Amino acid sequence: MADFEEILRNIGEFGLFQQLTLLALSFPNLIQSFVFASFLFVEFDPERHCNTAWILQADSELTPEEQLNLTVPHEEDGSYSRCQMFKPVDWNISTIRENGLNETIGCQNGWVYINTMFNSTVVTDFDLVCGGTNLVEFIQSVFMAGVLIGSLIFLPFAESFGRKRANQIPVVIMFIFIIAAALSPNIYLYLVFQLLVGVGVGGYRVSSILLVTEWMGVSKQSLGALVTQLFDAVGQCILATVIYIIRDWRVTQLIPAAPLALVVFYIWFIPESAQWLLNRGKTEEAKRLIMKAAAVNKRTVPDYLLDKIAVKEVENQGGIRVIYRSSVLMKYLVILVLAWFASSLASLCLYFNMANFGMSIFLTQFLFGTIEVPAHTFNLWLLEVLGRRKLFISTTVLGGLSCSLILVVPQGNGIVVTALVVMARFLLMWGATLSNVYIQELFPTSVSQTASGVGATAARIGGLLAPLLNMLTMYHRVIPITVFSSLTIISGALGFLLPDISRKDILEYTDESEKRRTETSANTASCSTKL
């Protein structure tokens, strides 16, 4: 019987067929950056005062300065209050001028925003100020909750109904609810729509990587995962430019709807995973796709190979149960999942807080996107030069240390803080990518997808907790940074317990992992005896 790896070697492990599929499935990642625009590019505390147009009924000739002097109280520093106003009265203007107003209340008719960086944001459209400030972080959490839900739903969905269907449905969900969120009339509908957009984003990310990598040879699967992340990085650079020109959150969120409409059209023509079809016993359909791939790659499939095509019977099937039964694999999984979680938590805490670093938010966003490109591409050759373990430990630990150094920089020094944040995010994204690659290569083929799914879920939980952790700045600004930098440093240090698998064949069976541990222990004991 011929296994799928043998088939890929004959039709091409990364030919034109795989390259076109990779580009088609990576393109939506370019667009997904824009869904963050609506709640990232906001002024968290814009200059404002209560809307006190009521006094114009007493005298429509009042200048703006006179109106504020009569209707808005002053703070101790002499500035106008941002959240308080004098209670409206039914007096004439002469009486108001003579007696003044003393009773203060919260803003009753909304706010007037002045000197704002943007024409319109979620904060200004929905008045998320004063008592509603924390709703900004809540929006972020709702979106990330949707990403987690989408991952949890569509990973088993892809196993049951196919990789192709698990890509099509999330794309349609994104297309519909991105438009709906941009047209939301109030914050409550906006929250619902952002949750559903997150479901689409999370579902597509996990399903697209599955479909991409299952058409590639084992040696090229890491490349496929990296390319999908590169599209996301480029999308962030484009986002910074677009939002600088178009400073309206609704328009910015509507922009990706046009290219996403193209994706909604061509996603129905994306090929199903032949490997999944074989696992489901749909041999004839798998053969047709294999022959199509071979034709696009200008290869031929030997008749004897097609006649003997079958699913490879892999020992130790059982997903997470196989990992749980192996103490060595459990140790590896805990370390890598913690690292992926910590890197995601730290990088997204920084990302969601970019408006408070003291530099232009447009420049910071552009730097975040730009720095991710080398973070992903360096992996392609440094993995072989330095080895997995050294690179994993150094990037993760240094990323956590860069985060902790932010605490020693005086507030107001925006250039130094931004430089540290960009460096930290560069290392954290690099470390997260390495966690993904490490899991793919370290675990046996029979359970590598399961292990990768657990790691990706942990990363999404980190993303969900990031905005909630940032909310702790209300108690002290050092709390979030201390928490996520410490977790990152610890997870990186635990990398010393991982094996370095550079230039070694990927394991096929769980028993080989146990054998490796046994041999290592035996060698250690032998050395100790000699000493």
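Scroll up to find the structure.
Residues numbered from 1 in each chain as written. Predicted model: local features only at pLDDT ≥ 70, side-chain atom pairs only at ≥ 80, totals over all residues. Heavy atoms only, no water.

1. Focus: the overall build of the chain
Phase 1: If you tally the helices and strands in the chain, you get 24 helices and four strands.
Phase 2: Evaluated residue by residue, the chain yields a buried proportion of 54% over its 531 residues.
Phase 3: Taking as baseline every contact in the chain between residues at least 6 positions apart, the subset at least 24 positions apart corresponds to 79%.
Phase 4: Counting only carbon and sulfur atoms, one obtains 61% of the accessible surface of the chain, whose full area is about 23300 Å². (Helix = DSSP H or I, 4+ residues; strand = E, 2+ residues; numbered from the N terminus. Buried < 20%, exposed > 50% of the residue type's maximum accessible area, 1.4 Å probe, protein only. Contact = heavy atoms within 4.5 Å. Areas by Shrake-Rupley, 256 points an atom, 1.4 Å probe, with all protein chains shown as cover.)

2. Quick look at the packing of aromatic side chains
To describe a pair of aromatic rings, you give the distance between the ring centres and the angle between the ring planes.
Phase 1: Counted according to the given criterion, the structure contains 13 aromatic pairs.
Phase 2: With a centroid separation of 6.3 Å and an interplanar angle of 45 degrees, the aromatic rings of Y351 and F352 are classed as tilted.
Phase 3: Given the relative accessible area of 3%, Y351 is considered buried.
Phase 4: Residue classification places F352 among the buried positions, given a relative accessible area of 3%.
Phase 5: Taken together, the ring pairs connect F118, Y244 and F362 into an aromatic cluster. (Phe/Tyr/Trp six-rings, centres within 6.5 Å; stacked < 30°, edge-to-face > 60°.)

3. Points about a nonpolar patch on the surface
Phase 1: A cluster of nonpolar residues, L262, F265, W268 and F269, forms a patch on the protein surface that exposes about 480 Å² of accessible area.
Phase 2: Looking at the secondary structure, you find L262 in helix α12 (residues 257-266). (Patch = residues over 30% accessible without salt bridge, like charges linked within 9 Å, V, L, I, M, F, W, Y side chains within 5 Å. Salt bridge = Lys/Arg side-chain N within 4 Å of Asp/Glu carboxyl O.)

4. Description of the nonpolar core
Phase 1: Formed by 146 residues in total, the largest nonpolar core has its most connected members in I11, F41, W215, L350, Y351, F443 and F484.
Phase 2: At 17 residues, helix α17 (residues 327-352) tops the list of elements feeding residues into this core.
Phase 3: In contact with F484, not counting residues within four places along its chain, are L345, A346, C349, L350, C403 and L469. (Core = buried A, V, L, I, M, F, W, Y, C linked by side-chain atoms within 4.5 Å.)

5. Focus on the side chain of R48
Phase 1: Summarising the element assignment, R48 is placed in strand β1 (residues 48-50).
Phase 2: In this structure R48 comes out as buried when scored by relative accessible area, which is 6%.
Phase 3: At 2.9 Å, the side chain of R48 and the backbone oxygen of P46 are in polar contact.
Phase 4: Those residues in contact with R48 that lie beyond four places of it in its chain are S81, R82, C83, W111, V112, Y113, I114, V129 and C130. (Polar contact = N/O pair within 3.5 Å; in protein donor to acceptor, adjacent residues only side chain to side chain.)

6. Some details on the state of the cysteines
Phase 1: Under the defined criterion, the tally for this structure stands at two disulfides.
Phase 2: Covalently, C50 is tied to C107 through a disulfide, its sulfur atoms 1.7 Å apart. What sets the handedness of the C50 and C107 disulfide is the S-S torsion sign, and at about -65 degrees it is left-handed. Placement of the pair is C50 in strand β1 and C107 in the loop between β3 (104-106) and β4 (111-113), with a sequence separation of 57 residues. (Disulfide = S-S within 2.5 Å.)

7. Details of the packing of α17 against helix α21 (residues 414-442)
Phase 1: Here α17 crosses α21 at 150 degrees, and the two axes come no closer than 9 Å. One finds that α17 runs roughly antiparallel with respect to α21. In terms of crossing hand, the pair formed by α17 and α21 is left-handed. Residues Y332, L336, A339, W340, S343, A346, S347, L348, L350 and Y351 of α17 pack against V421, A424, R425, L428, M429, G431, A432, S435, N436, Y438, I439 and L442 of α21.
Phase 2: Class assignment for the residues of the contact of α17 with α21 results in 16 nonpolar, five polar and one charged. (Axes fitted to C-alpha atoms, helices over the stretch in contact; angles between N-to-C directions. Parallel < 35°, antiparallel > 145°, perpendicular 65-115°, else oblique. Left-handed = near helix turned anticlockwise from the far one by under 90°. Nonpolar A, V, L, I, M, F, W, Y, C, P; charged D, E, K, R; others polar.)

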